[in-house]
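Spelled out from the first residue to the last, the chains are:
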Amino acid sequence: MTTGQPGNPRPTPTDDAPSRPAPTRAGDPPAPPASATATSSTDATANTDADRPPRADDTPSGTAGAEGATAPNGRPERDATKNYIAKVGGRKPAAKRGSTKGAALKDVAVKDAAVKDVAVKDADEAEGTKADDADGPRKADGDAKPGDARPVEAERWEAFASAPEPRPSRLSRAARAVGRFLIHEWTLATLGALALAVLMTWPTLRYPRYTLPQDHWDPSLQAWQMAWSGHILLADPARLWQSNTFFPELWSFAFSDTLLGYAPAGMLGSGPEDAVLRYNIVFVLAHALATLGAYALARQLGAGRIGAAVAGVGYTYAPWLLAQAGHLHVLSNGGIPLALAMLARGHGWSLRHGYRPERRHDGWVYAGWLVAAWQVSLGFGIGLPFAYFLAGAVLVVAVLFGVRRLKSGRALPFGRRLLVADVVGGVFFAGVGLLMAFPYFKVTELHPYAERTIRDISIFSPPASGFVTAPAESRIWGGLHEGARAALPWHPEMTLLPGFVLYALAAGGLFFSVWRLRHRLLLLVGVLVTMAFAMGTRFFDGTFTYVPLFEHAPGWNALRTPGRLMLWTTLLLALLAAGAVTALTDRVRELAAQRIPSWPGPWLRMATLLPLLLVTLEGLNATPHPVVPAQPAAMRAAEGPLLVLPSNQSIDQHVMLWSTDGFPDVVNGGSGFTPRQLDDVRRVSQSFPDQTSVDYLRTFGVRTVVLLRSQVPGTPWEITIDAPVESLGITRQDVGDAVVYRL
């Protein structure tokens with residue numbers, strides 16, 4: 001073999017050291033070893049030379065030099081290649097190489113192929129050197145650098161590379177982002193919850209400006225509440241709790257649950273029709289939020305999508321809630337599971353996977369406490385038990401962390417940011433609760449008779465049979481349970497069936513579930529305990545359940561309907577059902593993956609939707625939607641303060657709704673209790689118009705009395721409505737279907 005130095009006219013043979021292989025370029029095969037044996041058999045050599053023509057890479061390192069270089073004597077380096085070929089060809093003994101004519105011809109063919117290959121390589125190298133010469137003089141062999149050929153080589157092979165992906169425009173990137181958003185799980189869950197809410201509450205949105213679900217008494221009151229809070233927060237926030245109804249009572253907005261959290265909706269629109277429209281829209285959205293919240297909680301705890309959907313539908317459309325269609329503050333419970341889901345996510349906790357510190361996020365903790373505070377602002381009827389549950393959960397978690405630290409000697413990772421989020425969020429939640437509670441304490445001071453008693457609780461305490469009795473509003477079970485309802489003392493608050501399908505799925509979840517056994521048992525205990533509390537004084541007279549809370553827990557004595565605690569029973573049953581359905585879907589997925597062919601797979605997966613379908617069907621409603629009484633024309637121009645007669649709980653709730661047109665002060669009002677002053681007004685005004693009633697109303701500052709002709713049959717005003725009033729110092733005017741008296 002030979003070694004060459006840059007600038008030498010010819011390669012110099014060496015015998016004392018093994019020659020080094022020629023430097024190769026990226027992508028070229030390695031050069032053959034320099035110490036090829038000369039003792040190869042004739043046949044093997046001949047076959048090799050004939051079958052594989054030598055490449056340029058087979059040249060010795062001395063001929064590699066700089067690409068395209070010429071020897072100093074003017075002869076191209078091709079001569080060196082020829083010498084190398086001659087040497088390769090001369091490996092065979094002379095006698096055998098010339099023994100036959102065929103061997104010689106074959107050897108010549110090999111040499112010609114090698115020369116042709118080298119010529120091709122030289123041409124390629126020459127093209128590369130021309131490009132270099134265009135930029136400057138070619139460098140000598142001794143000045144060439146190892147990396148000089150790399151850019152040229154990269155350009156040669158770029159033609160074989162894949163084309164670069166074109167950069168998308170802003171419009172296409174935005175379209176992709178919108179597409180990803182639209183097919184995201186939570187987008188689909190939200191849209192699904194909204195669509196289901198419209199269908200399951202139909203025909204609420206059929207005539208949303210003229211009808212109300214179930215009846216037009218309590219819904220009229222709550223439509224007024226949303227309208228008043230939105231109006232007064234824009235006009236005079238300091239007067240929020242001094243409403244325009246129950247004139248001249250103080251703190252009258254706190255006479256019942258306020259739905260204050262819906263005040264932003266109350267800022268839109270004005271008048272009775274807009275108030276009814278607003279109520280119906282919020283009514284549907286409340287169902288959607290409850291479904292989405294329960295779905296989010298089940299997903300956070302570890303349930304699959306179908307299992308979480310069963311939990312969401314079972315929690316929102318449980319048959320017993322159909323009896324509460326006229327109580328928006330009861331149906332507005334979606335903030336409970338949603339806040340719990342956010343808090344669990346922020347703390348990295350899941351029922352299925354336990355505590356995972358790496359998943360902690362303080363932003364979700366802040367959001368969870370904010371939603372919890374909003375839920376309390378809707379009313380204490382549902383919010384107060386939720387507040388006590390959160391307080392108990394915080395206490396239990398703190399104890400568990402302490403016990404874990406004592407046992408293991410080290411605390412579980414929690415983090416300062418998470419601690420700050422919990423402290424700030426908890427303080428905000430408590431602050432909202434105290435601000436909401438202050439007006440109610442003032443009402444209790446001014447009206448001590450408004451406090452509930454154990455006897456009041458006994459009236460609304462349901463028996464055990466209520467847990468398997470459906471309300472009349474249930475399309476599936478309403479007619480079948482008519483006899484069972486007749487045996488209940490007060491069936492609107494005692495028909496507490498959460499659904500037979502939900503019962504069955506929850507029972508199955510005790511034995512077949514993705515939840516751990518101890519978690520299933522805890523959920524079962526929670527179901528039984530909440531049922532005992534929901535029975536009020538019917539469970540051993542409430543001695544160990546409801547009565548202690550009623551006597552010692554602040555604010556609990558304001559809750560007169562224990563049956564509404566069934567909300568917590570329904571949520572726990574829904575979580576048990578979600579665990580069972582998730583285990584079923586996981587098993588079906590495994591079976592479908594194991595079967596070859598997998599043709600039953602789609603049918604098996606469709607079978608997992610059966611629990612969701614059954615829970616949905618059991619929640620179908622037959623809720624009536626009566627038309628709301630129209631606002632009398634006399635009230636549109638009446639000057640306040642005014643009194644509308646006749647006055648009672650039912651009519652006064654309509655008057656409250658009618659007063660949303662300008663919010664004049666009205667003596668009328670309906671709530672969870674009746675102030676004694678309003679009782680006196682109703683008693684004295686039975687003889688209106690006479691001197692006694694006129695003088696009495698003037699002492700309150702009443703300036704106008706509106707007497708509704710459509711309501712006077714069977715009342716004392718049926719005789720006196722057309723009596724002359726000139727001697728009383730007042731005026732009388734017929735306006736539409738009413739008589740207006742100006743005092």
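As shown above, the structure is provided for reference.
**Side note on the overall build of the chain**
Across its full length, the chain carries 30 helices and eight strands. For the chain, the residues scored as buried account for 45% of the 743 residues in total. Sequence separation of at least 24 residues holds for 76% of the intrachain contacts in the chain that already meet a minimum separation of 6.

**As for the environment of Leu233**
Structurally, Leu233 is set in helix H8 (residues 218-235). Residues Leu233 and Met267, 34 residues apart in the sequence, show an inter-C-alpha distance of 8.2 Å. Apart from residues no more than four positions distant in its own chain, Leu233 is found in contact with Leu240, Ala263 and Met267.

**Concerning the pairing of strand S7 (residues 731-735)**
Pairing of S7 with strand S8 (residues 738-742), which is carried by five bridges, proceeds in the antiparallel orientation. When the bridges of S8 are listed, Val735 appears paired with Ala738. What sits between the antiparallel neighbours S7 and S8 is a turn of two residues, in which Gly736 has the positive phi angle 65°.

**Some details on the sheet that holds S8**
With mixed pairing, four strands are arranged side by side in an open sheet as S5-S6-S8-S7. At either end of the open sheet lies a strand with only one pairing partner, and these are strand S5 (642-645) and S7. Adjacent strand axes in the sheet meet at a mean angle of 20° when their direction is disregarded.

**Describing the packing of aromatic side chains**
Overall, the coordinates contain 26 aromatic pairs when judged by the stated rule. Each ring, one from Tyr388 and one from Trp556, has its centre 5.8 Å from the other, and the planes form 65°; the classification is edge-to-face. Taken together, the residues span a long stretch of sequence, with Tyr388 in helix H16 (residues 380-408) and Trp556 in the loop between helix H22 (546-552) and helix H23 (566-594) at a distance of 168 residues. The exposure class of Tyr388 is partly exposed, given its relative accessible area of 32%. On the accessibility criterion, Trp556 (5% relative accessible area) is buried. An aromatic cluster is present here, built from Trp224, Trp228, Trp241, Phe253, Phe380, Tyr440 and Phe663 joined pairwise through their rings.

**Brief notes about the pairing of strand S6 (residues 704-708)**
In terms of burial, S6 is a largely internal element, five of the five residues being buried. In S6, alternate side chains face the same way, and those of Thr704, Val706 and Leu708 on one face and Val705 and Leu707 on the other are all buried. Direction of pairing for S5 relative to S6: parallel, over a ladder of four bridges. For Val644, the partnering residue across the bridge sits in S6 and is Val706. Relative to S8, S6 runs antiparallel, the two sharing five bridges. Opposite Leu707, over in S8, you have Val739 as the bridge partner.

**Some remarks on the pattern of salt bridges**
A complete count under the given rule lists 18 salt bridges for this structure. Residue Arg209 is joined to Glu273 by a salt bridge in which the shortest nitrogen-to-oxygen separation is 3.3 Å. In this pair, Arg209 is assigned in the loop between helix H7 (185-200) and H8 and Glu273 in helix H10 (residues 272-301), connecting sequence segments 64 residues apart. Given a relative accessible area of 28%, Arg209 falls into the partly exposed group. Using a relative accessible area of 38% as the deciding quantity, one classes Glu273 as partly exposed. Between Arg709 and Asp734 there is a salt bridge, with its nearest N and O atoms 3.2 Å apart. Taken together, the residues span a long stretch of sequence, with Arg709 in the loop between S6 and helix H30 (717-720) and Asp734 in strand S7 at a distance of 25 residues. By relative accessible area, which is 28% here, Arg709 ends up partly exposed. Here the salt bridges share partners, and the residues they tie into one network are Arg709, Asp722, Arg732 and Asp734.

**As for helix H21 (residues 517-534)**
Three or four residues apart is the spacing at which side chains of an α-helix point the same way, because the helix has 3.6 residues per turn. Given a rise of 1.5 Å per residue, 18 residues ought to cover 26 Å, and the 26 Å separating the end C-alpha atoms of H21 matches this to within 8%. Buried residues of H21: His519, Arg520, Leu523, Gly526, Val527, Thr530, Met531, Ala532 and Ala534, and no others. Residues of H21 that are buried sit in contact with helix H20 (500-509) and H23.

**What to know about the packing of helix H15 (residues 362-377) against H16**
Orientation of H15 relative to H16, taken along the N-to-C sense of each, is 145°, at an axis distance of 8 Å. Each of Trp369, Ala372, Gln375 and Val376 in H15 lies in contact with H16, whose residues at this interface are Phe380, Ile382, Gly383, Phe386, Leu390 and Val394. Looking at the contact of H15 with H16, its residues break down into eight nonpolar, two polar and no charged.

**A few points about the nonpolar core**
Leu328, Phe688 and Tyr741 are the most contacted members of the largest nonpolar core, which totals 141 residues. If one sorts the elements of this core by residue count, H10 sits on top with 16 residues. Apart from the residues lying within four places of it in its own chain, the contact partners of Tyr741 are Phe688, Pro689, Arg703, Thr704, Val705, Leu707, Thr720, Ile721, Val725, Ile730, Thr731 and Arg732. Formed by 13 residues, the second largest nonpolar core is a distinct cluster that contains Ala638, Val644, Val655 and Val740.

**A look at the packing of H16 against helix H17 (residues 416-446)**
Axis separation between H16 and H17 bottoms out at 12 Å; the angle between their running directions is 140°. When the axis of H16 is compared with that of H17, the two are oblique. Like other packed secondary-structure pairs, H16 and H17 cross with a definite hand, here left-handed. For the pair H16 and H17, contact is made by Phe380, Ala387 and Leu390 and by Phe429, Gly433, Met436, Ala437 and Tyr440, respectively.

**Some words on unusual backbone geometry**
Geometrically, the link from Phe247 to Pro248 is a cis peptide bond, its omega value of 5° lying close to zero. Summarising the element assignment, Pro248 is placed in the loop between H8 and helix H9 (263-266). Of note, the bond from Gly640 into Pro641 is cis; its omega dihedral lies within 30 degrees of zero at -5°. Looking at the secondary structure, you find Pro641 in the loop between helix H26 (633-637) and S5. Here the phi dihedral of Phe540 falls at roughly 50°; this positive angle occurs in a residue that is not glycine.

Rules and cut-offs
Residues numbered from 1 in each chain as written. Predicted model: local features only at pLDDT ≥ 70, side-chain atom pairs only at ≥ 80, totals over all residues. Heavy atoms only, no water. Helix = DSSP H or I, 4+ residues; strand = E, 2+ residues; numbered from the N terminus. Buried < 20%, exposed > 50% of the residue type's maximum accessible area, 1.4 Å probe, protein only. Contact = heavy atoms within 4.5 Å. Pairing = 2+ DSSP bridges. Axes fitted to C-alpha atoms, helices over the stretch in contact; angles between N-to-C directions. Phe/Tyr/Trp six-rings, centres within 6.5 Å; stacked < 30°, edge-to-face > 60°. Salt bridge = Lys/Arg side-chain N within 4 Å of Asp/Glu carboxyl O. Expected span 1.5 Å × (residues − 1). Nonpolar A, V, L, I, M, F, W, Y, C, P; charged D, E, K, R; others polar. Core = buried A, V, L, I, M, F, W, Y, C linked by side-chain atoms within 4.5 Å. Parallel < 35°, antiparallel > 145°, perpendicular 65-115°, else oblique. Left-handed = near helix turned anticlockwise from the far one by under 90°.

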